[in-house]
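# Architecture and fold: a report
Here are the chains, one letter per residue:
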Amino acid sequence: MDPLNANNGPSILLEGGDGMMGDGSDAIDQMIGEFQETVSQTRRKMNVIPHVNQGEMKQNVEELADYYSEARNLLERIEDTIQDAPNAGKYLRTLRLCTKDFERLRQRYDKMMLRDNLNRYLSENSQLTKERRSLLVEDALVESNTRSIEDITRRLGDTTETGGMIMSDLKGQTDQLKRSVNKVVDTDEVLKESKKILDGMARSAATNKLTTALIILLELLIIFFIIWYKYLSA
């Protein structure tokens, strides 16, 4: 694949290109077109740089920095112009797309400049000054810290979810223990009732035995009295 034509990024649909005069549409459309072309040139230059020799590296890196700075300046001009335009509403979606496109470009540009240490090829007269290089480092640090914070937040979320599952399990076990205790209490009540019934049956059996013994004794006394009376009469 030809690196000059690779990874040109998504094109941005112009919303105001209806040829209307007097409302600033032509100027805005022209700046948007220039911005798209500059972004494409910046991407193409990014694709070319890994393939150039050391002798041509300085020139290509400086051209890349110029393209990038031009794209940034064009975006700022587009934002200022749209804010002041009477028909700004119809350009808001296009402005958002331009901003997202430049943000993707900026991330790739910053990563490439830091990873490949391309800043060393830039002269003091280049568009990329020492202040810009310092900002690149700061942006990289901010991005690294952001990733760390996101990782910590994700871990906290996982820990919270795990804690919630543990609490749910503990609640379920607590409910099960309560049901077991209630069953034990119910069983104890049943045993107490059974003991009362058995005690009552034992008392009834003893009473029946005593009554039976008394009846037998009474019958023996009656028989003895009858026999005694019969012999006494005889």
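The coordinates are above.
Notes on the structure follow.

Conventions used here
Residues numbered from 1 in each chain as written. Predicted model: local features only at pLDDT ≥ 70, side-chain atom pairs only at ≥ 80, totals over all residues. Heavy atoms only, no water. Phe/Tyr/Trp six-rings, centres within 6.5 Å; stacked < 30°, edge-to-face > 60°. Helix = DSSP H or I, 4+ residues; strand = E, 2+ residues; numbered from the N terminus. Buried < 20%, exposed > 50% of the residue type's maximum accessible area, 1.4 Å probe, protein only. Contact = heavy atoms within 4.5 Å. Salt bridge = Lys/Arg side-chain N within 4 Å of Asp/Glu carboxyl O. Patch = residues over 30% accessible without salt bridge, like charges linked within 9 Å, V, L, I, M, F, W, Y side chains within 5 Å. Areas by Shrake-Rupley, 256 points an atom, 1.4 Å probe, with all protein chains shown as cover. Axes fitted to C-alpha atoms, helices over the stretch in contact; angles between N-to-C directions. Parallel < 35°, antiparallel > 145°, perpendicular 65-115°, else oblique. Left-handed = near helix turned anticlockwise from the far one by under 90°. Nonpolar A, V, L, I, M, F, W, Y, C, P; charged D, E, K, R; others polar.

## Focus on the packing of aromatic side chains
According to the stated counting rule, one finds four aromatic pairs in the structure shown. Aromatic side chains Tyr68 and Phe102 sit 5.4 Å apart centroid to centroid with 25° between the ring planes, which places their arrangement in the stacked category. Taken together, the residues span a long stretch of sequence, with Tyr68 in helix 2 (residues 54-84) and Phe102 in helix 3 (residues 92-115) at a distance of 34 residues. For the pair Tyr68 and Phe102, a shared accessibility class is recorded, and that class is buried. Between Tyr68 and Tyr109, the aromatic rings sit 4.0 Å apart at their centres with planes inclined by 5°, giving stacked as the arrangement. With Tyr68 in helix 2 and Tyr109 in helix 3, the pair connects residues that are 41 residues apart, well separated along the chain.

## Focus on the environment of Leu74
Structurally, the position occupied by Leu74 is in helix 2. We classify Leu74 as buried; its relative accessible area is 1%. Considered as a pair, Leu74 and Glu34 are 40 residues apart in the sequence and their alpha carbons are 7.7 Å apart. Not counting residues up to four positions away in its chain, the partners in contact with Leu74 are Glu34, Phe35 and Thr38.

## Observations regarding the pattern of salt bridges
As enumerated under the stated definition, the model contains eight salt bridges in all. Residues Arg44 and Glu37 are paired through a salt bridge, measuring 3.3 Å at the closest nitrogen-oxygen approach. Residues Arg106 and Asp110 are paired through a salt bridge, measuring 2.8 Å at the closest nitrogen-oxygen approach. Taken as a pair, Arg106 and Asp110 lie in helix 3 at a separation of four residues, close to a single helical turn. Judged by its relative accessible area of 6%, Asp110 is buried.

## As for a nonpolar patch on the surface
Nonpolar side chains collect at one region of the surface, where Leu210, Leu214, Leu217, Leu218, Leu221, Ile222, Phe224, Phe225, Ile226, Trp228, Tyr229 and Leu232 lie side by side and expose about 1300 Å² of accessible area between them. Within the secondary structure layout, Leu214 lies in helix 4 (residues 130-233). Of the residues examined, Leu214 reaches a relative accessible area of 51% and is grouped as exposed.

## Concerning the packing of helix 1 (residues 25-48) against helix 2
In contact at an axis separation of 9 Å, helix 1 and helix 2 are set at 155° when each is read in the N-to-C sense. Between helix 1 and helix 2, the interaxial angle falls into the category roughly antiparallel. In the crossing of helix 1 with helix 2, the sense of the turn from one axis to the other is left-handed. The residue inventory of the contact of helix 1 with helix 2, partitioned by class, reads 15 nonpolar, five polar and five charged.

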